[in-house]
Structures are given as structure tokens and as C-alpha cells.
Amino acid sequence: MINIYLLVIELIVCLISMLLLYKYCQINGLYAYTIVAFIISNIMTLKIIPIIDFDINLGIIPLTTIFIASNIIIQKQGNEEIKKLSLILVASSCISFGIIYLTSLLKSSNINLFINRSFDNIFIGSERLYFANNVTLLYSILLNSKLYSYLKSVKNQIWVSNIFSSIIIQFLVSILFTIAAYTFLKEPIEMLQLAVLRYMISLIAAIIGTINIYIGSKIK
């Protein structure tokens, strides 16, 4: 149960941080948030925790809030801005992976040897998880921008655009990540359970994040 409480705290921290960055740095603040959230999500996804008797990868909360930030950007700047954001996220992911990987290759000191070796092994056998998280977001964020913009043009109400796009996109995100990360590694029933749990968590986070879009739309 403690893990659920910690995820709630994580969501609150993410949403508040996003709003503060946007208030004081405007669109650049949202760009900064998405970059940091993406890098954090990529690292967190390497850790697995138990939730209601099922093992699940972390990184879901920061990953989901990236979609919230992108929807605020669409509200303010339009759909085309997301293409620019996607390119920035690709560059950020490549740079962060390269630096962390090169750092892990450096010869470690005997001081804090256990911690050093744990850091050196962070990507051993985990490249697939990192790749799955990256591909899932970069594909889905472009699809989300088109769907959110379409719903916004049909019925210009934030809650309609965000909730209905989240229902579809977060389902896709959960399925894509599970397939990319665990095909041939887990049984189909285990993959289904993982996808359903990821979907439930991400959808709840996305729906709560609707508050951020309302507040963000009022910030000048």
C-alpha cells in the first residue's frame, strides 16, 4: 500500500512542478519540464515495484504528465509545436543515454565499491526497457497531439479533449510499452495484467492532470 501512496505523492510533485515552471518560465518552462520528466522516466522504468501483487515498471507518472504538458502547449501554441517538442525529446534521450552509458564504462574507485558497481550495471540487460519507454512516448505524443487537436476543434472543452484523448492514448501507451519491453520474456497473461495495471495508473494520472490544463490555460 505504501507504494500507492508514494505514487500519489510523485504525481502531486510532478503536477505542481509543471505549473510552477510554466508560470515563471512560460512555454520554455514546459519544455524544460518535459525534458526532465522524460529523462527521469527513462531511468525510473528500469526499476520494478509490486503494486497489488503485480510487478510493474516505474516511470509511469512522469511519462503520463508529459502528455499533460504537451496538451497545455497545444492549447497555447497549436499542434505544430509538438513536432518541435518531439525532436527535442529525441535529442535529450540520446544525449542522456550516451552520457550515462559512458559514465558506467569509467573505471570505478574502490571507495563505495558496491554503489559504483551497481551504477556500472544499470544498463546491463535493461536496454530493451529504455528503448521501449522511448519509442512508446515518441510515437504516442505525436498521435496524442493530432487526437487532442481534433477533439479540441470538434468540441472546444478542455475536459472533453483531455479525458477522451487520454482514454485512447494511455491505452495505446500501455500496450505498446508492454509489447516492446516483454514480448518473449513474459507469458501473455502476465503481459495483459501489466498492461491493464499500467493503463489504470496512467489514466488516473491523466484525468487528474486535467486540472493542470485548466490552470495552464488561464496563465498569461
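In what follows, the structure referred to is the one given above.
From a predicted model like this one, the values you see are computed outputs, not experimental measurements.

Caption draft 1: Local environment of unusual backbone geometry. Positive phi, close to 40°, is recorded for isoleucine 52, a residue that is not glycine. The topology assignment puts isoleucine 52 in the loop between strand 1 (48-51) and strand 2 (54-57). For isoleucine 52, a relative accessible area of 53% puts it in the exposed group. A positive phi angle, near 70°, is found at aspartate 53, a position not held by glycine. One can find aspartate 53 in the loop between strand 1 and strand 2.

Caption draft 2: Inspection of empty space enclosed by the protein at higher detail. All told, the structure shown has one cavity of 30 Å³ or more when counted by the stated rule. Here the largest cavity is characterised by a volume of approximately 40 Å³. What lines the largest cavity is simply Leu7, Glu10, Met44, Ile49, Ile56, Asn57, Leu58, Gly59, Ile60, Ile61 and Ile201. Ranked by the residues each element gives to the lining of the largest cavity, the list is headed by helix 1 (residues 2-44), at three residues. Here the residues of the lining of the largest cavity sort into eight nonpolar, two polar and one charged.

Caption draft 3: Expanded view of the packing of helix 2 (residues 60-77) against helix 8 (residues 210-218). At their nearest, the axes of helix 2 and helix 8 sit 9 Å apart, and the two run at 30° to each other. When the axis of helix 2 is compared with that of helix 8, the two are roughly parallel. Considering only the axes of helix 2 and helix 8, their crossing is right-handed. For the pair helix 2 and helix 8, contact is made by Ile68, Asn71, Ile72, Gln75 and Lys76 and by Thr210, Asn212, Ile213, Gly216 and Ser217, respectively. Taken together, the residues of the contact of helix 2 with helix 8 sort by class into three nonpolar, six polar and one charged.

Caption draft 4: Seen up close, the packing of aromatic side chains. A full pass over the atoms with the stated rule returns three aromatic pairs. With centroids separated by 4.9 Å and ring planes inclined at 50°, the aromatic side chains of phenylalanine 97 and tyrosine 130 adopt a geometry described as tilted. Residue phenylalanine 97 is found in helix 3 (residues 81-105), and its partner tyrosine 130 is found in helix 5 (residues 127-154); the two are separated by 33 residues along the sequence. Classification of phenylalanine 97 by relative accessible area gives partly exposed; the value is 25%. Taking relative accessible area as the criterion, tyrosine 130 reaches 6% and is therefore assigned buried. Consider the rings of phenylalanine 171 and tyrosine 199, whose centres lie 5.6 Å apart with planes at 85°: the pair is edge-to-face. Taken together, the residues phenylalanine 171 in helix 6 (residues 158-182) and tyrosine 199 in helix 7 (residues 188-208) connect sequence positions 28 residues apart. A relative accessible area of 46% means that phenylalanine 171 is categorised as partly exposed. For tyrosine 199, a relative accessible area of 19% corresponds to the buried category.

Calculation rules
- Residues numbered from 1 in each chain as written.
- Predicted model: local features only at pLDDT ≥ 70, side-chain atom pairs only at ≥ 80, totals over all residues.
- Heavy atoms only, no water.
- Helix = DSSP H or I, 4+ residues; strand = E, 2+ residues; numbered from the N terminus.
- Buried < 20%, exposed > 50% of the residue type's maximum accessible area, 1.4 Å probe, protein only.
- 1 Å grid on protein atoms, 1.4 Å probe; cavity = no way out; pocket = protein on both sides within 12 Å on 5 of 7 lines; lining within 4 Å.
- Points joined across faces, edges and corners; volume = space filled by probe spheres on them.
- Nonpolar A, V, L, I, M, F, W, Y, C, P; charged D, E, K, R; others polar.
- Axes fitted to C-alpha atoms, helices over the stretch in contact; angles between N-to-C directions.
- Parallel < 35°, antiparallel > 145°, perpendicular 65-115°, else oblique.
- Left-handed = near helix turned anticlockwise from the far one by under 90°.
- Contact = heavy atoms within 4.5 Å.
- Phe/Tyr/Trp six-rings, centres within 6.5 Å; stacked < 30°, edge-to-face > 60°.

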